[in-house]
Amino acid sequence: MTEKNNAPKKIHLGAIDGMKGIGACIIAFFWHYQHFKPQDGSPFFSAFPMSYKYGSFMVELFFMLSGFGMMLGYSERVLEHRISFRDFIVKRLRKIYPPFIFFTLVTIITELAYYHKCGTTFVYGNFDIQHLIYNLLLMQDGFFGKDWSFDAPSWCISICMLCYLLFYFILYRVKNQRHACYAFFAAVLAGTTITLSGVNYPVWNELVGRGIACFFTGAILFTVYSNRERFRSQRLGYVCLAAVILSYCVLRFRPGFMGDFRMAFMLGIAPALILAVLFIPWLRTVLGIRPLAYLGSLSIVIYLVHFPVQCAIKTIDEYAELGLNYSTKAVWLCYAAAVLIAAAVYRHLLADPTEKALFGFFRKKDSSPEKAS
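Here the structure is a predicted model, which means the values were calculated and not measured. (Residues numbered from 1 in each chain as written. Predicted model: local features only at pLDDT ≥ 70, side-chain atom pairs only at ≥ 80, totals over all residues. Heavy atoms only, no water.)

A. A look at unusual backbone geometry. Backbone geometry places Phe150, a non-glycine residue, at a positive phi of 50°. Tracing the backbone through its elements, the reader meets Phe150 in the loop between helix H5 (129-136) and helix H6 (155-173). By relative accessible area, Phe150 is classed as buried at 4%. Residue Glu321 is not a glycine yet carries a positive backbone phi of 55°. For Glu321, the position within the fold is in the loop between helix H13 (299-320) and helix H14 (329-362). (Helix = DSSP H or I, 4+ residues; strand = E, 2+ residues; numbered from the N terminus. Buried < 20%, exposed > 50% of the residue type's maximum accessible area, 1.4 Å probe, protein only.)

Here is the structure:
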């Protein structure tokens, strides 16, 4: 069954894009700045200590927003069988695979240059054909364990593809959105169980568990959002905001009372944050402003480009013997600007040519008589 022409009009929530953009920047500019091993401490640490310490949790937020976005864009069409599995997967691959391949190639080039100078790769090992094949198959992390390789921060892409498969299968099989919620809740429980089990088997490990639990939590949050007229949603938003602020204060000043922060974030804090943004008008407006929404449109590219940019900067530093001090604010600002410029250049100048080159290379030319004439 193929997708019909009467597809619903695309719904867009700028605040969701804003959250994606902020999350991507926290990971790229704070959490992964540790790749540079700043000599005298991290720049701007006094202003953003939580982003440096707990920036990795933005990956959970990314999974959650992805699940919300999938429900927003595809739930009705999949439930009503108005989009085939092939069309669904092709749409997802067209969005993810071209930038992933492009920046994996850039990473290979910069890593080879760094290896030639330093005799080792920058940060991540496993620079071999085996792990390259895993990357090309979007199975680099989670499917076969946690062997970081190549553009390692892109590991969430492979987990997202697995979640997309489960998402389509669930929605295609259930009768309505309520039944889908039951299945989503079961998926959250399964993902949480996998995460807490501590095992590290193929497809049964912490990375997969975190991705599944958060992705389908996001799907459930969409159901809450779509039924917002049935309850006092703004009050719920303020309750959620208060819970987020309280959690921040506990983590900032009394972290011992937090317990396992990752689980608290996955099951409570991140969902509360999303609901607060969705249900509080002024907060939704702030996070939906155009600069943040634009940053959100670059989020997936920021995830993919920031490590190749780091590798390029470090390679130039080694070859030119610049002796850069990565603890200085000037170097940090130059790095952040380079990532944003590279992401914008790819989106506006390279995205379409890359997609056409990648998918057009394998497309069979139409040599029918009608076309020939």
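What follows continues from the structure just given.
B. Seen up close, the packing of aromatic side chains. Within this structure, the stated rule accounts for 42 aromatic pairs. When the centroid spacing of 5.9 Å and the interplanar angle of 80° are considered together, the rings of Phe231 and Phe279 count as edge-to-face. Taken together, the residues span a long stretch of sequence, with Phe231 in the loop between helix H8 (206-226) and helix H9 (233-253) and Phe279 in helix H10 (residues 261-279) at a distance of 48 residues. Residue classification places Phe231 among the partly exposed positions, given a relative accessible area of 31%. We classify Phe279 as buried; its relative accessible area is 4%. Above the face of the Tyr319 ring, Lys117 is positioned so that its terminal group lies 5.8 Å from the ring centre. Here the basic side chain of Arg262 rests over the ring of Phe57, its NZ or CZ set 4.3 Å away from the ring centre. (Phe/Tyr/Trp six-rings, centres within 6.5 Å; stacked < 30°, edge-to-face > 60°. Lys NZ or Arg CZ within 6 Å of the ring centre and 35° of its normal.)

C. Focus on the nonpolar core. Among the nonpolar cores identified, the biggest contains 116 residues, and Phe167 and Phe216 are the most heavily contacted of them. With 14 residues, helix H3 (residues 58-79) is the single largest residue contributor to this core. Discounting chain neighbours no more than four positions away, the residues touching Phe167 are Met70, Met71, Tyr74, Phe88, Phe184, Phe215 and Phe216. (Core = buried A, V, L, I, M, F, W, Y, C linked by side-chain atoms within 4.5 Å. Contact = heavy atoms within 4.5 Å.)

D. Examining helix H7 (residues 177-197) more closely. Helix length check: H7 (21 residues) gives 30 Å between terminal C-alpha atoms against 30 Å at 1.5 Å per residue, within 8%. Looking at H7, one finds that the buried residues are Ala180, Cys181, Phe184, Ala187, Val188, Gly191, Thr192, Ile194 and Thr195. In an axial view of H7, the angular spread of the buried residues amounts to 155°, which keeps them on one side of the axis. Turned more than 90 degrees off the buried face of H7, the exposed positions are Arg178, Tyr182 and Leu196. Looking at the buried residues of H7, the elements they touch are H3, H6, strand S2 (204-205), H8 and H10. The backbone nitrogen of Arg178 lies 3.1 Å from a side-chain oxygen of the residue at the head of H7, namely Asn176. (Expected span 1.5 Å × (residues − 1). Arc of directions from axis to C-beta. Polar contact = N/O pair within 3.5 Å; in protein donor to acceptor, adjacent residues only side chain to side chain.)

E. Broad picture of the pattern of salt bridges. As enumerated under the stated definition, the model contains 6 salt bridges in all. Residues Arg210 and Glu60 are paired through a salt bridge, measuring 2.6 Å at the closest nitrogen-oxygen approach. With Arg210 in helix H8 and Glu60 in helix H3, this residue pair connects regions lying 150 residues apart in the sequence. With a relative accessible area of 0%, Glu60 lands in the buried category. Two residues, Glu80 and Arg82, come together in a salt bridge whose shortest N-O distance is 2.7 Å. (Salt bridge = Lys/Arg side-chain N within 4 Å of Asp/Glu carboxyl O.)

F. Main features of the side chain of Ser75. For Ser75, the position within the fold is in helix H3. Under the relative-accessibility criterion, Ser75 is labelled buried at 3%. Looking at Ser75, its side chain comes within polar contact range of the main-chain oxygen of Met71, at 2.6 Å. In contact with Ser75, other than residues within four places in its own chain, are Met70, Leu171, Gln177 and Phe222.

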